[in-house]
Amino acid sequence: MFDALSERFEGIFGRLRSRGRLTPKDLDEVAREIRLALIEADVNLRAIMQFIARVKEQASGAEVAKSLSPAQQVIKIVHDELVATLGGTTGKLTMSPKPPTVVMLAGLQGSGKTTAAGKLARLLKAQGLQPLLVGADLQRPAAVEQLRILAERVDVPFYSEQSAPADVARGAMEEAARLGRNVVIVDTAGRLQIDAALMDELRGVRDVAMPHNTLLVVDAMTGQEAVNVAEAFNDAVGLDGVILTKIDGDARGGAALSVKEVVGKPILFAGTGENLEDFEPFHPDRMASRILGMGDVLTLIEKAEEAFDEEQVRKAEAILRQGQFDLDDFLGQLQQVKKMGPLQGVIGMLPGVPKEVKDAQIDDRELARVEAIIHSMTMEERRNPAIVNGSRRVRIARGSGTTTSDVNNLLKQFKQMQQMMRGMGFGRPGKKGKRPRLPVPGL
Amino acid sequence: MRGIAGRAVDEETWEELEEALILADVGLPTTGRLLDAVRARAAAEKVGDTDSVVAILREEIAALLDGSTGRDLVVEPGEPNVWLFVGVNGVGKTTTIGKLAAQQSDAGRSVVLAAADTFRAAAAEQLQLWGERVGAAVVRGQEGADPGSVIYDAMAAASGRSADLVLVDTAGRLHTKVNLMEELKKLRRIVDRTAGACKEVLLVIDATTGQNGLAQARQFAEAVDVTGIALTKLDGTAKGGIVLAIQGELGIPVKIVGVGEGVDDLMAFDPAEFAAALFE
Ligand SMILES: Nc1nc2c(ncn2[C@@H]2O[C@H](COP(=O)(O)OP(=O)(O)O)[C@@H](O)[C@H]2O)c(=O)[nH]1
Ligand SMILES: Nc1nc2c(ncn2[C@@H]2O[C@H](COP(=O)(O)OP(=O)(O)O)[C@@H](O)[C@H]2O)c(=O)[nH]1
Ligand SMILES: [Mg+2]
Ligand SMILES: [Mg+2]
């Protein structure tokens, strides 16, 4: 899955590289590949057409930069256009000058509305606001109870009543005034966009609550249907933004692009797990790379360009490409990487690195230990770690102030990392099911 | 699709068929395989009009889905029978159990529901309400309790009252979460302590799911040996085409279909009907 698009582009441009300029025919071929990649990522066909039209426009006028191969060039154009499409201000609700600010959450059944209501309340409370959570889903068994429990966990007041959804909204506005709450978050029942009666009901709730933020809650695993859902909800109640849930899985998340193409309003937040703190502002750049299936490799290239001198960049590229690097290269890498910022951030941007690794707490101080171990090795040992036998291990451990099992671990993990690098070198798919570890102790 | 009826088949026809399948979330590989088969048959049978080609495509789809073994959910009289429901978050596990409990009670079986989703807020209450609605006993633990002990208790309760069937509701989990998938394996092992009790492991798939559905099926099947798919939310306009890829690549059949939030909104799966609906 990783690098699918890069691989395809490399295929097209392998022939083209010598010619150096994009012809309209090349562009058609490129467009075809982009279409396939976006279909695999669950972007709706209609959204793909609109998107590709814009990319073609950009690409045909583009100057070919010397520093990039044609493949990289086109990937950059596609990526930038995708970021621009997905972009817009994120993580910010429209606040009403006259409190309370009202937020209404709507969407299909099971998309994550109630959970998002709880998460939003938690976030706003942490920002110093005083939210009221309102349970207006009188449809699903125990939906009100679910939100009541979440309200308790977040420690914000909760309101609901056994009546009709619009009446709940009315009562909630009064309750907010009585308690002096400055944000009202209304959770509504899930509904299919083709259910006319329930869409009417939703309009009824909106007309009473008059939300400043009507947000569509969309599951990141949604397929082609995302466009229909977004369009219908937008037509029915007028959307101001989107919350994309369940991005903690491995869905490519093309629904984000589908919805954005249709609604045009910002994707404000992303749900990253089942717990209330698993909620963050939506990152268009991360999502773009994810949809294209290539990790945040562009940001990595950019960061690398800032931190590395030119020769180092070439070397790094060769390393990524071929996975042929030894411990000495690795030491050089470590020292360069340290200039790029905390390791956690850098690893997060690498394509193909398992989420468990990305999420693991990486202590930059551990790097010092790795550096010390490599420093204590001879050049020959760095080039060919296989020769490091028992007595050499003892010597290295003593020299670096570590233990032989530290040395062992580093060598073992380095070997796995070499395999991983080989697996993820641009264009080569990683070995399935393999979870290599980075040669950093504690990972 | 409507516009192409009666026309002679040309490249545009094939493109439109491809689009219809992709819009139904069938996915590129399965779409390609299906259309290759249809092209071959159309050539061999010297068929040249779109109506016939669409008919062939429907047949191919139905045949792909039919290639499976039976769709009946297994209950053996006089034996412990457990059906385990698994899937990602929010797909309709609890609701499907509620509907099935009603159906099975109506068929004269006594049913025990095990509320082994002890994680999501009010998940047990939700199942409890379904139990009350359909007249099935519900065994539950405290929130945050060990789901394994809930299953154990439910199976003990079922054997104590000689109930026919235990339906086990589990917490939604993304197939990528290693720990949660390990937990699920453990739950299955608890059921398996009573040899032969686990008659069905049903993976619930939401019809709006895109290509990720295949990854879900692969991971859940690997973890707990899924016996069938419950395809929910087919009452919307989403087609649920990913089940074609699941059947084609993993050989897991769709067994039941959810078509609404009500207690009666559950149907047996009909491949021909499903194939026809893909082109509506
Ligand atoms: N993994 C994950 N699960 C989520 C996320 N958001 C919601 N869920 C789960 O999805 C399921 C449905 O969520 P819920 O809020 O009840 O959806 P609603 O029917 O739209 O109100 C529950 O099991 C939630 O725990 C998320 O961002 N990640
Ligand atoms: N329209 C429709 N909604 C359904 C169907 N099955 C379940 N739902 C709804 O989907 C939401 C999530 O269902 P639930 O059973 O709680 O999912 P779980 O998290 O997998 O247990 C609820 O609002 C259900 O009412 C179906 O077949 N059609
Ligand atoms: Mg809800
Ligand atoms: Mg449930």
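To be clear, the structure that these remarks concern was listed above.
For clarity, every value in this text was computed on a predicted model and none was experimentally measured.

Enquirer: So what's going on with the overall build of chain B? Residues and values would help.
Expert: Looking only at helices and strands, one finds 10 helices and 8 strands in chain B. A globule of 280 residues ought to have a C-alpha radius of gyration of about 19 Å, and chain B, at 20 Å, matches this closely. C-alpha atoms of chain B, sized along the principal axes, occupy 65 × 40 × 30 Å. Put simply, chain B has 280 residues, and 55% of those count as buried. Counted over contacts in chain B with a minimum sequence separation of 6, partners at least 24 positions apart contribute 74%. Element-wise, carbon and sulfur atoms account for 48% of the exposed surface of chain B, whose accessible area totals about 11,000 Å². Averaged over its 27 positive side-chain charges, chain B has a centre that lies 5 Å from the centre of its 42 negative ones.

Enquirer: Tell me about the interface of chain B and chain A, and please be specific about residues and values.
Expert: It is common to give the size of an interface as the accessible area lost on bringing the parts into contact. Chain B puts 39 residues into the contact, and the matching count from chain A is 39 residues. The largest per-residue losses of area from chain B upon contact with chain A belong to Leu-28, Thr-208 and Glu-261 of chain B, which jointly make up 15% of the total buried on that side. Along the contact surface separating chain B from chain A lie 15 residue pairs in polar contact (both at pLDDT 80 or more). Among the elements that make up the side of chain B that touches chain A, the one with the highest residue count is helix 5 (residues 123-134) of chain B (5 residues).

Enquirer: Before we move on, could you go through the packing of helix 2 (residues 28-44) of chain B against helix 3 (residues 50-66) of chain B and cite the residues and values that matter?
Expert: Residues and elements named next belong to chain B. Direction vectors running N to C along helix 2 and helix 3 enclose 125°, while the axes themselves pass 9 Å from each other. One finds that helix 2 runs oblique with respect to helix 3. Crossing of helix 2 over helix 3 shows right-handed handedness. Where helix 2 approaches helix 3, its residues Thr-30, Leu-34, Leu-35, Ala-37, Val-38, Arg-41 and Ala-42 are matched on the opposing element by Val-53, Ile-56, Leu-57, Glu-59, Glu-60, Ile-61 and Leu-64.

Enquirer: Can you lay out helix 6 (residues 143-154) of chain A for me, pointing to particular residues and giving the numbers?
Expert: All names here are of chain A. The terminal C-alpha atoms of helix 6, which comprises 12 residues, lie 17 Å apart, in line with the 16 Å expected from a rise of 1.5 Å per residue. Residues of helix 6 that are buried: Ala-143, Val-144, Gln-146, Leu-147, Ile-149, Leu-150, Ala-151 and Val-154. Contacts from the buried residues of helix 6 go to helix 5 (113-126), strand 2 (131-136), strand 3 (158-159) and strand 4 (183-188). Taken from the residues just after helix 6, Asp-155 is the one with a positive phi, measuring 65°.

Enquirer: Account for the sheet that holds strand 2 (residues 111-116) of chain B, naming residues and giving values.
Expert: All names here are of chain B. Taken together, the 8 strands give an open sheet; going across it, the order is 3-2-4-1-5-6-7-8, and neighbouring strands pair in mixed fashion. Edge positions in the open sheet fall to strand 3 (137-140) and strand 8 (266-268), since each of these has one partner strand only. For this sheet, the mean inter-axis angle between neighbouring strands, taken without regard to orientation, is 25°. For strand 5 (residues 198-206) and strand 6 (residues 228-232), the ladder comprises 5 bridges, and the chain directions are parallel. Bridge pairing in strand 6 links Leu-203 to Ile-229. Along the sheet face, helix 9 (residues 242-250) touches strand 5, strand 6 and strand 7 (254-258) and points at about 175° away from the line of strand 6.

Enquirer: A description of the site of ligand 1 should follow, citing residues and the corresponding values.
Expert: All names here are of chain A. With respect to spatial proximity, 19 residues lie near ligand 1, and among them Gly-112, Lys-113, Thr-114, Thr-115 and Arg-140 are the closest. Separating an oxygen atom of ligand 1 from a backbone N or O atom of Lys-246 is a distance of 3.0 Å. One of the side-chain nitrogen or oxygen atoms of Glu-274 is found 3.2 Å away from an oxygen atom of ligand 1. Contact with the protein chains hides 96% of the accessible area of ligand 1, taken as 580 Å² for the molecule alone. Per-class residue counts for the shell around ligand 1 are 1 nonpolar, 11 polar and 7 charged.

Enquirer: Give me the sheet that holds strand 6 (residues 241-245) of chain A: which residues, what numbers.
Expert: Residues and elements named next belong to chain A. A sheet is described by the order of its strands in space; here 8 strands give the open sequence 3-2-4-1-5-6-7-8, paired in mixed fashion. Edge positions in the sheet fall to strand 3 and strand 8 (279-281), since each has one partner strand and no second. Looking at chain direction, strand 2 and strand 4 are connected through 6 bridges and run parallel. Residue Val-134 lies in a different strand from strand 4, and its bridge partner there is Val-186.

Enquirer: Talk me through unusual backbone geometry; I want residue IDs and the actual numbers.
Expert: Pro-99 of chain A connects to Pro-100 of chain A through a cis peptide bond whose omega is 0°. Topologically, Pro-100 of chain A is positioned in the loop between helix 4 (70-86) and strand 1 (101-106). Here Asp-25 of chain B, not a glycine, exhibits a phi torsion of approximately 70°, which is positive. Counting through the fold element by element, Asp-25 of chain B comes out in the loop between helix 1 (11-23) and helix 2. On the basis of relative accessible area, Asp-25 of chain B is assigned to the buried category, the value being 2%. In this model, Lys-233 of chain B sits at a positive phi of 65°, which is unusual for a non-glycine residue. Mapped onto the elements, Lys-233 of chain B comes out in the loop between strand 6 and helix 9. The exposure class assigned to Lys-233 of chain B is buried, which follows from its relative accessible area of 15%.

Enquirer: Describe the environment of Asp-146 of chain B, listing the residues and the values that go with them.
Expert: Residue and element names in this part refer to chain B. With respect to the secondary-structure elements, Asp-146 resides in the loop between strand 3 and helix 6 (147-160). In this structure, the C-alpha to C-alpha distance between Asp-146 and Thr-118, residues 28 residues apart in sequence, is 7.3 Å. Side-chain polar atoms of Asp-146 contact the backbone nitrogen of Gly-148, separated by 3.0 Å.

Enquirer: Can you break down the pattern of salt bridges residue by residue, with the values?
Expert: Across all of its chains, the model carries 34 salt bridges over all chains by this definition. For Arg-206 of chain A, the salt bridge is made with Asp-207 of chain A, and the minimal N-O distance between the two is 3.1 Å. Looking at Asp-207 of chain A, the relative accessible area reads 48%, which means it is partly exposed. Members of the salt-bridge network, linked through shared partners, are Arg-41, Glu-45, Glu-59 and Glu-60 of chain B.

Enquirer: An account of the nonpolar core is requested, with residue identities and associated values reported.
Expert: Judged by nonpolar contacts, the single largest core of 93 residues is most densely connected at Leu-21, Leu-57, Ile-61, Leu-113 and Leu-167 of chain B. Leaving out residues up to four positions away in the same chain, Leu-113 of chain B has contacts with Ile-97, Ala-101, Leu-127, Gly-131, Ala-136, Ala-137, Val-138, Val-139 and Leu-167 of chain B. Judged by nonpolar contacts, the second largest core, of 67 residues, contains Val-168, Ala-226, Val-237 and Ile-247 of chain A.

Enquirer: Give a description of the side chain of Thr-85 of chain A that names residues and reports values.
Expert: All names here are of chain A. Tracing the backbone shows Thr-85 in helix 4. With a relative accessible area of 11%, Thr-85 lands in the buried category. In contact with Thr-85, not counting residues within four places along its chain, are Phe-51, Arg-54, Leu-257, Lys-260 and Glu-261.

Enquirer: Kindly report on a negative patch on the surface, identifying the contributing residues and their values.
Expert: A surface patch of like charges, here negative, comprises Asp-10, Glu-12, Glu-15 and Glu-19 of chain B. Mapped onto the secondary structure, Glu-12 of chain B falls in helix 1.

About the cut-offs
- Residues numbered from 1 in each chain as written.
- Chains lettered and ligands numbered in written order.
- Predicted model: local features only at pLDDT ≥ 70, side-chain atom pairs only at ≥ 80, totals over all residues.
- Heavy atoms only, no water.
- Helix = DSSP H or I, 4+ residues; strand = E, 2+ residues; numbered from the N terminus.
- Rg over C-alpha atoms; globule rule 2.2 N^0.38 Å.
- Buried < 20%, exposed > 50% of the residue type's maximum accessible area, 1.4 Å probe, protein only.
- Contact = heavy atoms within 4.5 Å.
- Areas by Shrake-Rupley, 256 points an atom, 1.4 Å probe, with all protein chains shown as cover.
- Lys, Arg positive; Asp, Glu negative; His and termini not counted.
- Charge placed at Lys NZ, Arg CZ, Asp CG, Glu CD.
- Buried area = accessible area lost by both parts, 1.4 Å probe.
- Polar contact = N/O pair within 3.5 Å; in protein donor to acceptor, adjacent residues only side chain to side chain.
- Axes fitted to C-alpha atoms, helices over the stretch in contact; angles between N-to-C directions.
- Parallel < 35°, antiparallel > 145°, perpendicular 65-115°, else oblique.
- Left-handed = near helix turned anticlockwise from the far one by under 90°.
- Expected span 1.5 Å × (residues − 1).
- Pairing = 2+ DSSP bridges.
- Near = heavy atom within 4 Å.
- Nonpolar A, V, L, I, M, F, W, Y, C, P; charged D, E, K, R; others polar.
- Salt bridge = Lys/Arg side-chain N within 4 Å of Asp/Glu carboxyl O.
- Core = buried A, V, L, I, M, F, W, Y, C linked by side-chain atoms within 4.5 Å.
- Patch = residues over 30% accessible without salt bridge, like charges linked within 9 Å, V, L, I, M, F, W, Y side chains within 5 Å.

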